[in-house]
Amino acid sequence: MNRDQIFDFFSRLAEANPAPRTELEYGNDYQLLVAVVLSAQATDIGVNKATRALFREVETPAQMVALGEEGLKAHIKTIGLYNAKAKNVIALSEILVRDFDGKVPQDRDVLTTLPGVGRKTANVVMNTAFGQETFAVDTHIFRVGNRTGLAPGRTPLAVEQKLEKRVPGPFRRDAHHWLILHGRYVCKARRPECWRCIVVDLCRYKPKTPPPPQKATAAASAG
């Protein structure tokens, strides 16, 4: 895609969804951090089901430490890799209490030193909690960036670096939300729904996926 096409690409996504938001449920910066750590290799829907009761009980790192690893496991046992995730959440909570007065640091490099927090997680927190223009490249953004030609790259970091260079100023704050949602609901992994894509003419993916066959009506079946 050239510069004009990229501007058009994001203009259409912005018009369709002017205020995109993460689908993870949380009440404060700390709960967001925990939710994103738990969401690795899990769906937002599954994480939300597990954290609703948890977040009614736990709002701060100190409360998480008090809950303890076994108590946390009881809440998140429906999430994949819950043993490792519980260990990491308790460990990062202890560090936040000890070194950061219970607050989530507003620094990506510092965030990535916390147990269970990689670059993608740190980018989500920096963007969603603190309004920074970061690009959290998950599997959806990696796919959309490569498939459409928006930001091709062999690794998530390469895609992130392309997005850093190519996303126009007006769209940088919300770009990763638009791309995640587009990948989750339209530009799907197994069968992209090109027939209802609002940026289909800008996308280099070929062949475009045709619409599914229309189901016969009851009247036609009866005939």
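All of these numbers come straight from a predicted model, not from anything done at the bench.

Novice: I'm lost on the confidence of the model for the chain in this one. Help?
Specialist: Note: predicted coordinates in regions of low pLDDT should not be interpreted at a detailed level. For the chain, per-residue confidence averages 93 on the pLDDT scale, and 96% of positions sit at 70 or higher. In the model, residues 216-223 has pLDDT below 50 throughout and makes 1 contact with residues more than four positions away in sequence or in other chains.

Novice: What is the right way to look at helix 3 (residues 44-57) in this model?
Specialist: Count 3.6 residues to each turn of an α-helix, and residues three or four apart come out pointing the same way. Look at helix 3: 20 Å from first C-alpha to last across 14 residues, which is about the 20 Å you get at 1.5 Å a residue. A maximum bend of about 40° is found in helix 3 at Thr51. Residues Asp44, Val47, Asn48, Ala50, Thr51, Leu54 and Phe55 constitute the buried set of helix 3. Elements in contact with the buried residues of helix 3: helix 2 (29-38), helix 4 (61-76) and helix 10 (175-185).

Novice: Looking at this structure, I do not really get the environment of Asp174. What am I missing?
Specialist: By the secondary structure assignment, Asp174 is in the loop between helix 9 (156-166) and helix 10. The exposure class assigned to Asp174 is buried, which follows from its relative accessible area of 16%. Along the backbone, Asp174 and Pro20 are 154 residues apart, and their C-alpha atoms lie at a distance of 6.7 Å. Sequence-distant contacts of Asp174, that is, excluding residues within four places in its chain, are made with Pro20 and Arg21.

Novice: What should I look at first to understand the nonpolar core in this one?
Specialist: Within soluble globular proteins, side chains that are nonpolar generally end up buried alongside one another. Ranked by size, the top nonpolar core spans 35 residues in total, and within it Tyr30, Leu33, Met64 and Leu72 carry the most contacts. At the level of secondary structure, the elements contributing two or more residues to this core comprise helix 2, helix 3, helix 4, helix 5 (82-99) and helix 7 (119-128). Among the elements that make up this core, the one with the highest residue count is helix 2 (8 residues). Contacts of Tyr30, omitting those with residues within four sequence positions, involve Val58, Glu59, Thr60, Pro61, Met64, Val89, Leu92, Ser93, Leu96 and Val104. Listed in part, the 24 residues of the second largest apolar core include Phe10, Ala14, Val144 and Leu163.

Novice: Where do I start with the packing of aromatic side chains in this structure?
Specialist: In this description, an aromatic ring pair is defined by two values, namely the gap between the centres and the angle between the planes. Summed over the entire model, instances satisfying the criterion amount to 5 aromatic pairs. For the pair Phe10 and Phe171, a centre-to-centre distance of 5.9 Å together with 20° between the ring planes defines the contact as stacked. On the criterion of sequence distance, the pair formed by Phe10 in helix 1 (residues 3-16) and Phe171 in the loop between helix 9 and helix 10 is long-range, its members being 161 residues apart. Residue Phe10 shares its accessibility class with Phe171, and that shared class is buried. The exposure class assigned to Phe10 is buried, which follows from its relative accessible area of 0%. Put simply, the rings of Phe7, Phe9, Phe10, Phe171 and Trp178 touch in pairs and so form one group of aromatic residues.

Reading guide: rules and limits
Residues numbered from 1 in each chain as written. Predicted model: local features only at pLDDT ≥ 70, side-chain atom pairs only at ≥ 80, totals over all residues. Heavy atoms only, no water. pLDDT = per-residue confidence, 0-100. Contact = heavy atoms within 4.5 Å. Helix = DSSP H or I, 4+ residues; strand = E, 2+ residues; numbered from the N terminus. Expected span 1.5 Å × (residues − 1). Bend = angle between axes of the 7 residues up to and from the residue. Buried < 20%, exposed > 50% of the residue type's maximum accessible area, 1.4 Å probe, protein only. Core = buried A, V, L, I, M, F, W, Y, C linked by side-chain atoms within 4.5 Å. Phe/Tyr/Trp six-rings, centres within 6.5 Å; stacked < 30°, edge-to-face > 60°.

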